Every structure is written in structure tokens, then in C-alpha cells.
Amino acid sequence: TIAAPLLFITGRLWSNFWGAIDGNGYYARSKDYIDIVEGKRQGIWNVPYIRGAYMIHESHLNMPEMAYDEGNDSDMKWCAKMRKLGIFMYVNNMQPFGHLLDLSSYSTDHLHNDLYQIIDNQPDWATKYLHENYSLNLQNGHEIAMPCPDVYWFPMVSEIFCRHLIEEMESFGQWSSGGHKDNRLDGGYENVPTRDIHMKQIGLEKQWLHFLKAYIVPVQAIVYPGFYSKGQAYMNFVVRYHPAGQPSLRPHHDASTYTINIALTRAGIDHEGGGCRFLRQNCSVIDTKLGWSLMHPGRLTHYHEGLPTTKGTRYIMVSFIDP
């Protein structure tokens, strides 16, 4: 008479039912709980507690006893009433019905709150924010583009990621001046300054480091075999190039073992000009693709510059990895 679809948080054993309760009506371990959640045993299971989503037979809807009690543990009190009335509760794991989100740390303080959910709700984050072709990078036999020697180019993030990150940065609004003095850095000096905002400034650095380890390091292991990256980075920032502000960046090396540079805007549509020129290799990447990342060595070999943006505003996301 009351049936619930099995719902659980992806990668965890937390679900919307209990397999057993103790003498006080609280959760107790049941020997088949894990097998049911993981789908090793399938069926429709009589259980003492369900929550969140279920179907109730119409004949019960007008019963006063069906009403929820206000206050703490209302779901437990309701299930206790159902057991006392002899109304059976079931959970069904015969097919996938969806999953639950972990909202324990969900904040509504940001412009795009989902952008910050990569740690607690990674599958949903990936569906929304990874590039639809990201998985191709990891397929055996797939050749990742190399537009310049030892410079790799691959799909990384979605269009909506690019838009949301730009909007978060513009909402924060505290772009650096582009001068050498920079109090955000240890020592307060930037040798090759850009007009930028650091991920740390908008509270996204922890999540971004998780992104680097989960999605950038696996690609690095393919294109630069033999180097085992820690995926650590102290400099993670969005740069804003504009003809009336900072249009370009002088030749320099990066303080990294390798660098990623993700295009957040569309060349020829959102801006004209721009790109990256590698001087020693005499090679440039100018027709950048939205959501695609460049990956290149940071020190010694790949002396490079940011080419002038001549119209519009160009945004890029940069990380100096394994400094």
C-alpha cells in the first residue's frame, strides 16, 4: 500500500530506506542492506522505514493518521504510525529510478550554486559542466590534438560551465589592476601580471583542485607519460583580456611543471584576436574553441605570450599545475 523507489547518493550507501530498526525505532544494520542498495539483490522489499519519495494507495489519503507530525524526526514518527496501523511499506530496486543529491553543504550564497558541487555531487556536476566529448580524451586509440610541439588541445568543459564561471567572476567584480604589486601573493609581487581573479577569491579553489585531480591529471598521464602529477596548483585564475584594458601578455615562462589554459569565450564571436604563441616552437594557437583546454609545459621549453585581443572581451581559465 506504500511503495518507494530505491534512491541513493551515487558512490555512497546512504539511501531513502532502512532495512531494520532497533527497539527504539532508530536505524539498525540489516544483513542485506548493501546488496539491495548496490542492486546485487533485486526485488520489492518490505522495510520498516522509507522517506522522501513514495506512492500511497488512494484509500489511505483521507485517514487522519496519515498526516505528518510537525517537529523533529517527523519521517520516523510517520513510519512508526504506519507500522502500528499494519500498513506495509516497500522499497523497489527492480530498475534504476534516479538518485539523491547530497545537500549537506549546498550553499545559496553564489550566483551559480551548482558550480560549487563537484565534490559532494560529482556525477551531476559532470553531466552539467564537463564537455560532452571529454570522455574521448581517455579512450584507447584516441589521438589528442597537438597544434604545436608538446602542446595538447582537447575538449574539457561545457558551454554552460564557461558562461557560469565568467558570470561568477563578473559578479565578484574585483579584477586585479594588472600591475606588479599584488597583495594576493606571498611577497606581494607578480612578475608577469594579468587582470584576473583567483579561484580562491570566489571560494572555488578547493573545488577546482578536485577538478584538476579528477579530470586534468588523467589527460596529463596520457600526453606526458612517465610524469606522475599531484594535481596541485597554487595559481588558479580567470584572466580577462580587452583592447581597452589588458589586450595581451608579454613573453614569459609559467611557474608550473605544466599549465592548462581553458578558453571561456568564442574566438571570432565573443572576441577577435587573442591566442597563445610559443616563441621557441614558432607556433601559435589562435582559433581557440569554447571549453577546450590547452596543456603545455610551464618552465624552460615553452616560452610563450598572449596575443593581442583586438575586439570584444576574451576570458581564459588558467592553472599552474605542480609548481
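Shown above is the structure to which this text applies.
A brief report on the enclosed structure follows. (Residues numbered from 1 in each chain as written. Predicted model: local features only at pLDDT ≥ 70, side-chain atom pairs only at ≥ 80, totals over all residues. Heavy atoms only, no water.)

1. Details of the packing of helix H3 (residues 122-129) against helix H5 (residues 205-223)
Here comes step 1: Across the interface, H3 lies against H5 with an axial gap of 13 Å and an inter-helix angle of 75°. Judged by the inter-axis angle, H3 sits roughly perpendicular to H5. Listed contacts from H5 to Gln122, Trp125 and Ala126 of H3 are His210, Phe211, Ala214 and Tyr215. (Axes fitted to C-alpha atoms, helices over the stretch in contact; angles between N-to-C directions. Helix = DSSP H or I, 4+ residues; strand = E, 2+ residues; numbered from the N terminus. Parallel < 35°, antiparallel > 145°, perpendicular 65-115°, else oblique. Contact = heavy atoms within 4.5 Å.)

2. Some details on the state of the cysteines
Here comes step 1: This structure, assessed with the given rule, holds one disulfide.
Here comes step 2: The disulfide partner of Cys148 is Cys283, and the S-S distance across this bridge is 2.0 Å. Across the S-S bond of Cys148 and Cys283 the torsion is about -80°, and the bridge reads as left-handed. Of this pair, Cys148 sits in strand S9 (residues 145-148) while Cys283 sits in strand S17 (residues 283-285), and the two are 135 residues apart along the sequence.
Here comes step 3: With relative accessibility at 1%, the residue Cys148 sits in the buried group.
Here comes step 4: Its relative accessible area of 15% is what places Cys283 among the buried residues. (Disulfide = S-S within 2.5 Å. Buried < 20%, exposed > 50% of the residue type's maximum accessible area, 1.4 Å probe, protein only.)

3. A few points about the nonpolar core
Here comes step 1: Met156, Leu165, Phe211 and Leu264 are the most contacted members of the largest nonpolar core, which has 43 residues in total.
Here comes step 2: For this core, the elements supplying multiple residues, two or more each, are H3, strand S10 (151-155), helix H4 (159-172), H5, strand S12 (233-241), strand S14 (258-263) and strand S21 (314-321).
Here comes step 3: If one sorts the elements of this core by residue count, H5 sits on top with nine residues.
Here comes step 4: Sequence-distant contacts of Leu264, that is, excluding residues within four places in its chain, are made with Phe161, Cys162, Leu165, Ile166, Val238, Leu290, Tyr315, Ile316 and Met317. (Core = buried A, V, L, I, M, F, W, Y, C linked by side-chain atoms within 4.5 Å.)

4. Quick notes on unusual backbone geometry
Here comes step 1: Positive phi, close to 70°, is recorded for Leu300, a residue that is not glycine.
Here comes step 2: In this structure, Leu300 sits in the loop between strand S18 (292-297) and strand S19 (304-306).
Here comes step 3: Assessed through its relative accessible area of 70%, Leu300 is described here as exposed.
Here comes step 4: Residue Asp322 is not a glycine yet carries a positive backbone phi of 55°.
Here comes step 5: The residue Asp322 is located in the segment after S21 in this model.
Here comes step 6: With a relative accessible area of 9%, Asp322 lands in the buried category.

5. Things to note about the packing of aromatic side chains
Here comes step 1: On inspection of all chains with the given rule, the structure shows 19 aromatic pairs.
Here comes step 2: With 5.1 Å between their ring centres and 15° between their planes, Tyr54 and Trp78 make a pair best called stacked. With Tyr54 in the loop between strand S6 (49-50) and strand S7 (55-56) and Trp78 in helix H2 (residues 74-85), this residue pair connects regions lying 24 residues apart in the sequence.
Here comes step 3: Using a relative accessible area of 1% as the deciding quantity, one classes Trp78 as buried. (Phe/Tyr/Trp six-rings, centres within 6.5 Å; stacked < 30°, edge-to-face > 60°.)

6. Details of the sheet that holds S19
Here comes step 1: In spatial order, the strands read S13-S19-S16-S17; together these four strands make up an open sheet with antiparallel pairing. Where the open sheet ends on each side, the last strands, each with one partner, are strand S13 (249-252) and S17. Ignoring strand direction, the axes of neighbouring strands in this sheet form an average angle of 15°.
Here comes step 2: Pairing of strand S16 (residues 276-278) with S19, which is carried by three bridges, proceeds in the antiparallel orientation. When the sheet's bridge partners are listed, Cys276 is paired in S19 with Gly306. (Pairing = 2+ DSSP bridges.)

7. Here we look at the pattern of salt bridges
Here comes step 1: Inspection of every chain in the model, using the stated rule, returns eleven salt bridges.
Here comes step 2: Arg12 is the partner of Asp102 in a salt bridge, and the nearest nitrogen-oxygen pair spans 2.7 Å. Here Asp102, found in the loop between strand S8 (89-92) and H3, pairs with Arg12, found in the loop between strand S1 (2-5) and strand S2 (17-18); they are 90 residues apart in sequence, far enough to count as distant.
Here comes step 3: The class for Asp102 is buried, based on a relative accessible area of 11%.
Here comes step 4: Since its relative accessible area comes to 40%, Arg12 is described here as partly exposed.
Here comes step 5: When the shortest N-O distance is used, the salt bridge between Glu170 and Arg240 registers 3.2 Å. You can see Glu170 sitting in helix H4 and its partner Arg240 sitting in strand S12, a full 70 residues away along the chain. (Salt bridge = Lys/Arg side-chain N within 4 Å of Asp/Glu carboxyl O.)

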